[in-house]
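Chains, contacts and geometry: an overview
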Amino acid sequence: MRRTLAFLLAFLTLSLINVNPASAEALPGDVLKMPMPGAPAIALPGETIEIQPQEGVDITELTIVSVMNGPYKVEILEKGNIIKAKIPENVVPDVYFLQVKSNKGEVVIPNGVWVLKEYPKVLRIAHISDTHVTSGTKFGYVCGEYFQRDIKKIQELCDGGLIVPLHSYVATDSVYTYWSMDNRVDVIINTGDVVDTAGDSKGYKMLFDIISRAAAAGRPTIIVKGNHDDPPNYYPKLIGPTDYYLTIGKFLIIALDSHGDEAHPYMNQLEWMEKVLEEHPDKIPIVIVHHPYWYSAPQGWIGGRIEGFTAFDDKDWANLTQYVSYYWIGGPEKTTEDIARRFLQDVEKYNIKLVMSGHIHHDKLHIYVDKNGNEHWFVTSTSTGAPDKETNPPRPDRSPTWYGSKIVEIDENGNVRLPEIEEMFGTLFNDFISLPVPQEFITFRWATDFGSAVKFINLLGEESGKFAIEVPEGAQVDASVTNVTYKLLGERKIGDKTYELFEIVVPEGVSQLVISKGKDTEKPEISIPYLTPSKPMKGKPFKVYISAKDNLGIRDIYVEIEANGKVTKYPAVQSSGGQADYFMAEIPGVDADEYTIRAVAVDFYGNRATFEKTIGGAQTTSKTTSPTESKSTCGPAALLAFSLIPLALLRRRK
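Criteria and cut-off values
- Residues numbered from 1 in each chain as written.
- Predicted model: local features only at pLDDT ≥ 70, side-chain atom pairs only at ≥ 80, totals over all residues.
- Heavy atoms only, no water.
- Domains from an automatic or database assignment.
- Buried area = accessible area lost by both parts, 1.4 Å probe.
- Salt bridge = Lys/Arg side-chain N within 4 Å of Asp/Glu carboxyl O.
- Polar contact = N/O pair within 3.5 Å; in protein donor to acceptor, adjacent residues only side chain to side chain.
- Helix = DSSP H or I, 4+ residues; strand = E, 2+ residues; numbered from the N terminus.
- Nonpolar A, V, L, I, M, F, W, Y, C, P; charged D, E, K, R; others polar.
- Core = buried A, V, L, I, M, F, W, Y, C linked by side-chain atoms within 4.5 Å.
- Buried < 20%, exposed > 50% of the residue type's maximum accessible area, 1.4 Å probe, protein only.
- Contact = heavy atoms within 4.5 Å.
- UniProt positions renumbered as here; feature names shortened; annotations may be inferred.
- Pairing = 2+ DSSP bridges.
- Axes fitted to C-alpha atoms, helices over the stretch in contact; angles between N-to-C directions.
- Parallel < 35°, antiparallel > 145°, perpendicular 65-115°, else oblique.
- Left-handed = near helix turned anticlockwise from the far one by under 90°.
- Expected span 1.5 Å × (residues − 1).

Turning to the domain arrangement of the protein chain, a few remarks are in order. Assigned domains of the protein chain: these are domain 1 (35-115), domain 2 (122-425), domain 3 (441-516) and domain 4 (525-615). Computed from C-alpha atoms alone, the centre-to-centre distance between domain 3 and domain 4 is 27 Å. Here domain 3 and domain 4 share an interface that buries about 1200 Å² over both sides, 58% of which is from carbon and sulfur atoms. In this assembly, domain 3 and domain 4 are joined by one salt bridge. On inspection of domain 3 and its partner domain 4, the count reaches nine residue pairs in polar contact (both at pLDDT 80 or more). A total of five residues in the side of domain 3 that touches domain 4 trace back to one element, the largest contributor, which is strand β26 (residues 451-458). Broken down by class, the residue content of the side of domain 3 that touches domain 4 amounts to eight nonpolar, five polar and three charged.

Written out as structure tokens, the structure reads:
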């Protein structure tokens, strides 16, 4: 009892501590409103871009640089509330970091400027959503096509296959890595809930680093805010503005904030959008907004075609309201029906061809065909980083969910396609209109002063493309422990990080890339600081908390339960987003009076360390085979805040 009270007291104490204190160093949003990491300036060589400084900020110098190109000075043509600046004629098309000098300090904006050789006639979008990056723990278990929250259920489904506990940060890093490698797409668009908690400044910084690596690999990102990003305290500091528009040649992208509990834009935002549309009559409009507009269709909950109506006719509108989501219309009372109707009228009036959303952690497609025969596609994506609505396979009479993303194409005539989904299923109106990325393409990154390493789990078949990674000075690829095919394209220090850019080929299966300052001969340090409950009951579930460190990184970490002459393996997941020192494994129960719990950590050079606890018998004992026992301590409260999040998916043939 006393131990339990101490545990709760420690948890409450830690919950009051600000573990992410604000830095005195200037953040991108302290200096600029736009461009930002989630909203780049877009131009061709020689064209003019607009820079919006924060009030009271005087911009003195602008430079763009990428791993392979630059630096280039960007000439400031005109100052004011909007700064006009010219991209040099000789700039090599690439995704650039924007380096800004001002009276408020110097900042580096990854994905700040996207310079194209020519504007696309077909815009190919990698649509991701609801990444829910967190500095805490948010994960689910995946095994190939399956996702479950429960370790026992995934073991039953997996039947000896590879079980991976997939953290929201790992999922997000994986999907950005995959689409950065894939030359079929032009840009990644994230439709909100980029972090799990709006006040998680570390979570935003982790996403900032993910965007930075994608930019270093040459893949731009465009983001709209979600309700989990509300209130927008850190979002505009590290990601971007909440309402804005961009033009990419013929295409006009308008981002609308649908806020928090309100779950829809406000009327003044629609008025602003209408003004933007009036000013760009020759563009193909695309709207990105977190909360989906439609809930159902004549074909059912999964979506379908809604045709033969117009929002300008009262009778037609009365029929349409049965399909409009309660987010937009204001629930059963229809308190915001005027906003919902006005938006659909805008869709018709301005011929908005594509509306992209997320939020519901499930795929949906609605094609609204107005009375003039114009198609308007409303594409809603499943969660990319934290599907927690349903498992896969689902419970009876439920619709499955999974970790996913998709390619959305729109051409300069406004025609929209989901090319791979059409090819796979022959129909667009079903549960699965996303690809199994990241569920079947997973990257685990580690970075230390000694080196950087990445473990790939790739079930999709051979994948190739550009890959960027941060490295310490003096580290080189160790070919003896690297089994991906690689070619180093370039290296550059940008801001406080050094990036290496590779062309890599990732084989099917499990592989790794290791960049180090030498051979790693040290075993990891590992211990089991805590169990919950501290004295597991026979046959009842419990959790094993693990402390593990390595001078380069942990490639594999798991728990073995040795009982009744049998050894059963359970995977461990990091207890915090990004690179972790603490892990957790869930045990569904042990049907024995006495057994051994063995925590195992293996590094990228194959060095293996174990730590054992014996449960039952006269007393509980512990021992480690590491050369030195870990001196790190891990208060149980620091490991408590875990939430299980599902993921599941669908098989794709590339």
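Next, the rest of the story.
Take the nonpolar core next. Counting residues in hydrophobic clusters, the biggest one holds 97 residues, and the most contacted among them are Tyr-176, Trp-179 and Leu-354. For Trp-179, the contacting residues outside a window of four places in its chain are Ala-126, Ile-128, Arg-184, Val-185, Ile-188, Arg-219, Ser-405, Lys-406, Ile-407, Leu-435 and Val-437. The next biggest cluster of nonpolar side chains, apart from the first, holds 46 residues, and it includes Ala-453, Leu-552, Ile-554 and Ala-580.

It is worth spelling out the UniProt feature "domain: Calcineurin-like phosphoesterase" (unreviewed entry) in the protein chain at this point. Following the UniProt record, one finds the feature "domain: Calcineurin-like phosphoesterase" (unreviewed entry) at residues 123-362. Segment residues 123-362 splits into 33% helix and 23% strand. End C-alpha atoms: 24 Å apart.

Each regular strand carries side chains that alternate between the two faces of the sheet. With nine of its nine residues buried, strand β38 (residues 595-603) lies for the most part within the structure. Along β38, one buried face is formed by Tyr-595, Ile-597, Ala-599, Ala-601 and Asp-603 and the opposite face, lined by Thr-596, Arg-598, Val-600 and Val-602, is buried too. With eight bridges connecting them, strand β34 (residues 554-563) and β38 associate as antiparallel partners. Pairing of Val-559 across the sheet is with Ala-599, part of β38. Of the pairings in the sheet, the one linking β38 to strand β39 (residues 608-615) comprises eight bridges and is antiparallel in character. Bridge pairing in β39 links Val-602 to Arg-608. Where β38 folds back onto β39 in an antiparallel hairpin, the turn is made up of four residues, including Gly-606, whose phi is positive at roughly 85 degrees.

Across the sheet, four strands lie side by side as β25-β26-β31-β28; this open sheet has antiparallel pairing. The open sheet terminates on both sides in strands that have one partner only, identified here as β25 (441-447) and β28 (476-477).

Interhelical geometry of helix α4 (residues 168-181) versus helix α5 (residues 201-216) gives an angle of 15 degrees and a closest axis separation of 9 Å. Our classification of the angle between α4 and α5 gives roughly parallel. Here α4 and α5 pass one another in a crossing that is right-handed. In this structure, α4 uses Tyr-169, Thr-172, Asp-173, Tyr-176 and Ser-180 to contact α5, whose residues at the interface are Met-206, Leu-207, Ile-210, Ile-211, Arg-213 and Ala-214. Taken together, the residues of the contact of α4 with α5 sort by class into seven nonpolar, two polar and two charged.

Taking 1.5 Å per residue, 13 residues should reach 18 Å; helix α10 (residues 337-349) reaches 18 Å between its end C-alpha atoms and fits that length. Just past α10, the residue Asn-351 takes up positive phi, approximately 55 degrees.

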